[in-house]
Amino acid sequence: MMQSKGSSAGLQGKWELFAKDVKRDKHLYVLLAPYVVLFLMFTVLPVAISIFFSFTNFNMLEAPRWVGWENYSKLLWNDDVFLIGLKNTMIFAVITGPVSYIACFVFAWLINELNSKVRAIMTLVFFAPSISGNVFFIWQIIFSGDSYGIMNGLLMKIGIIYEPILWLQNPKYMLTIIIVVQLWLSLGTSFLAFIAGLQTVDRTLYEAGAVDGVRNRWQELWFITLPSMRPQLMFGAVIQITSSLAVADVAMALAGFPSVQYGAHTVVTHLVDYGTIRFEMGYASAIATVLFVLMLGSNLAVQKLLKRVGE
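Trainee: What is the right way to look at the overall build of the protein in this model?
Mentor: The number of helices and strands found in the protein is 15 helices and two strands. Here the protein has a C-alpha radius of gyration of 25 Å; the compact-globule value for 311 residues is 19 Å, and the former is much larger. Its C-alpha atoms put the protein at 85 × 65 × 35 Å along the principal axes. Relative to its full complement of 311 residues, the protein shows a buried share of 36%.

Encoded structure:
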């Protein structure tokens, strides 16, 4: 009884303290209010609605009918195509996520050492593919399945192959090609965030580090540079995780939709299938919820890893 009263009093004290903070900083909350309202309306609310619909049978013509865990049971135990898409998505995420994240930072770190004019040019060169719209269609020319394709023409000319290979129709090759294209496109927002983060590192920290025993560039990187740009590292990690788990456009554009033997099928293409073609919105919401849980879990794991940077 005494413990219940103590917890109630503590909760009341925290509420009073919060009320005082709101009253003191009311102008800040007023300025934040438009963003909070938009965030709740266009992010939190749609996610909550999607999670609700994932427990229903909803085809957009009839009222949703509650089915409980039926969609998830079908998704995980009876939908072989989804399992293929999940496997391909995890392969994409495990390869493109860490590799592109590290590549973004390494290129940003190297470019940051150049003078301002060269740095600006090199930043544009590396960032250009990610802002050039459907520039990845050039890979269709490179991996065209006839003898006029650049890769087939080159390999036939030097005698490695004697007939064209259907690169983007053969499940043996298509996943690898799409991973390569995705890596090529991955130097985007994260790359710019790392460039900005490196520019904001206080140069006096390196002088202080030299006094404290930092002797080489690797120690500077681990003990000074990375801890000083944790916000940019976290932002870049979120962007890379999201893009690697949500890969779809490149796969559909290069390998077709659906791809041959579902060789380039992903969770998002499965979501597109059920959400925009079949209009089975309850099942599509279940797919989206599974993807949301994957992204959330990955982000939480990365946050824990980044907290150890510099230790």
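Let us keep going from here.
Trainee: Help me understand the confidence of the model for the protein, please; the structure alone is not making it clear to me.
Mentor: Detailed reading of predicted coordinates is not advised where the pLDDT is low. Of all residues in the protein, 94% have pLDDT values of 70 or greater, and the mean over the chain is 84. Here helix H1 (residues 2-24) stands out as the element of the protein with the lowest mean pLDDT, 67, in contrast to strand E1 (residues 56-57), whose mean of 92 is the highest.

Trainee: Just to check I follow, could you spell out the pattern of salt bridges for this structure?
Mentor: Oppositely charged side chains can pair when the atoms bearing their charge come close. Under the counting rule described, the total for this entry stands at one salt bridge. In this structure, the salt-bridge partner of arginine 278 is aspartate 273, at a minimum N-O distance of 3.0 Å. Arginine 278 sits in the partly exposed class, given a relative accessible area of 43%.

Trainee: Hey, could you run me through the environment of valine 22 in this one?
Mentor: In this structure, valine 22 sits in helix H1. For valine 22, a relative accessible area of 27% puts it in the partly exposed group. Taking the C-alpha atoms as reference points, valine 22 and tyrosine 35, separated by 13 residues in sequence, lie 17 Å from one another.

Trainee: Got a minute to help me understand the packing of helix H4 (residues 80-112) against helix H9 (residues 189-199) in this structure?
Mentor: The angle between the axes and the distance between the axes are what describe a pair of packed helices. Contact geometry for H4 and H9: axes closest at 9 Å, N-to-C directions at 40°. For the element pair H4 / H9, the angle class is oblique. In this structure, H4 meets H9 at a crossing whose hand is right-handed. Where H4 approaches H9, its residues Tyr101, Cys104, Phe105, Phe107, Ala108, Trp109, Ile111 and Asn112 are matched on the opposing element by Ser190, Phe191, Phe194, Ile195, Leu198 and Gln199.

Trainee: Is there a simple way to explain the side chain of serine 285 in this structure?
Mentor: Mapped onto the fold, serine 285 is located in helix H15 (residues 281-306). Residue class for serine 285 comes out buried when judged on its relative accessible area of 9%. Apart from the residues lying within four places of it in its own chain, the contact partners of serine 285 are Ser50, Phe53 and Ser54.

Trainee: Can you help me understand the side chain of serine 144 in this one?
Mentor: By the element assignment, serine 144 lies in the loop between helix H6 (138-142) and helix H7 (150-157). For serine 144, the side chain forms a polar contact with the side chain of aspartate 146, separated by 3.0 Å.

Trainee: Sorry if this is basic, but what is going on with unusual backbone geometry here?
Mentor: Across the chain, the bulk of peptide bonds are trans and the bulk of non-glycine residues have phi less than zero. The linkage connecting phenylalanine 257 with the following residue, proline 258, adopts the cis geometry, with an omega of 0°. Unlike most non-glycine residues, tyrosine 262 shows phi in positive territory, near 55°. Note on placement: tyrosine 262 falls in the loop between helix H13 (249-255) and helix H14 (267-277). Accessibility expressed as a relative area gives 32% for tyrosine 262, which makes it partly exposed.

Trainee: Whenever I open this one, the nonpolar core confuses me. Can you help?
Mentor: Judged by nonpolar contacts, the single largest core of 23 residues is most densely connected at Phe136, Phe143, Ile178, Val181, Val250 and Leu254. Every element with two or more residues in this core is listed here: H6, helix H8 (171-185) and H13. Top contributing element to this core by residue count: H8, with seven residues. Once you skip the residues sitting within four places of it in the chain, isoleucine 178 turns out to touch Phe92, Val250, Ala251, Leu254, Ala255 and Ala264. Within the second largest apolar cluster, 19 residues are counted, among which are Tyr101, Phe127, Leu187 and Leu221.

Trainee: Got a minute to help me understand the packing of aromatic side chains in this structure?
Mentor: Here a ring pair, both rings aromatic, is described through the centre-centre distance and the interplanar angle of the planes. All chains considered together, the criterion is met by 17 aromatic pairs. When the centroid spacing of 5.6 Å and the interplanar angle of 20° are considered together, the rings of phenylalanine 55 and tryptophan 66 count as stacked. Of this pair, phenylalanine 55 sits in the loop between helix H2 (26-53) and E1 while tryptophan 66 sits in strand E2 (residues 65-66), and the two are eleven residues apart along the sequence. With centroids separated by 5.4 Å and ring planes inclined at 85°, the aromatic side chains of tyrosine 101 and phenylalanine 194 adopt a geometry described as edge-to-face. In this pair, tyrosine 101 is assigned in helix H4 and phenylalanine 194 in helix H9, connecting sequence segments 93 residues apart. By way of ring pairs, the aromatic residues Phe52, Phe53, Phe55, Phe58, Trp66, Trp69 and Tyr72 are connected into one cluster. Directly above the aromatic system of tyrosine 283 lies the positively charged group of lysine 74, at a separation of 4.7 Å from the ring centroid.

Trainee: It is not clear to me how helix H11 (residues 217-228) should be interpreted in this structure. Could you clarify?
Mentor: For an α-helix, the turn length of 3.6 residues means that residues three or four places apart are oriented alike. Within the sequence span of H11, burial applies to Leu221, Ile224, Thr225 and Leu226. Summarising the contacts, the buried residues of H11 are in contact with H4, H9, helix H10 (204-212) and helix H12 (230-245).

Conventions used here
- Residues numbered from 1 in each chain as written.
- Predicted model: local features only at pLDDT ≥ 70, side-chain atom pairs only at ≥ 80, totals over all residues.
- Heavy atoms only, no water.
- Helix = DSSP H or I, 4+ residues; strand = E, 2+ residues; numbered from the N terminus.
- Rg over C-alpha atoms; globule rule 2.2 N^0.38 Å.
- Buried < 20%, exposed > 50% of the residue type's maximum accessible area, 1.4 Å probe, protein only.
- pLDDT = per-residue confidence, 0-100.
- Salt bridge = Lys/Arg side-chain N within 4 Å of Asp/Glu carboxyl O.
- Axes fitted to C-alpha atoms, helices over the stretch in contact; angles between N-to-C directions.
- Parallel < 35°, antiparallel > 145°, perpendicular 65-115°, else oblique.
- Left-handed = near helix turned anticlockwise from the far one by under 90°.
- Contact = heavy atoms within 4.5 Å.
- Polar contact = N/O pair within 3.5 Å; in protein donor to acceptor, adjacent residues only side chain to side chain.
- Core = buried A, V, L, I, M, F, W, Y, C linked by side-chain atoms within 4.5 Å.
- Phe/Tyr/Trp six-rings, centres within 6.5 Å; stacked < 30°, edge-to-face > 60°.
- Lys NZ or Arg CZ within 6 Å of the ring centre and 35° of its normal.

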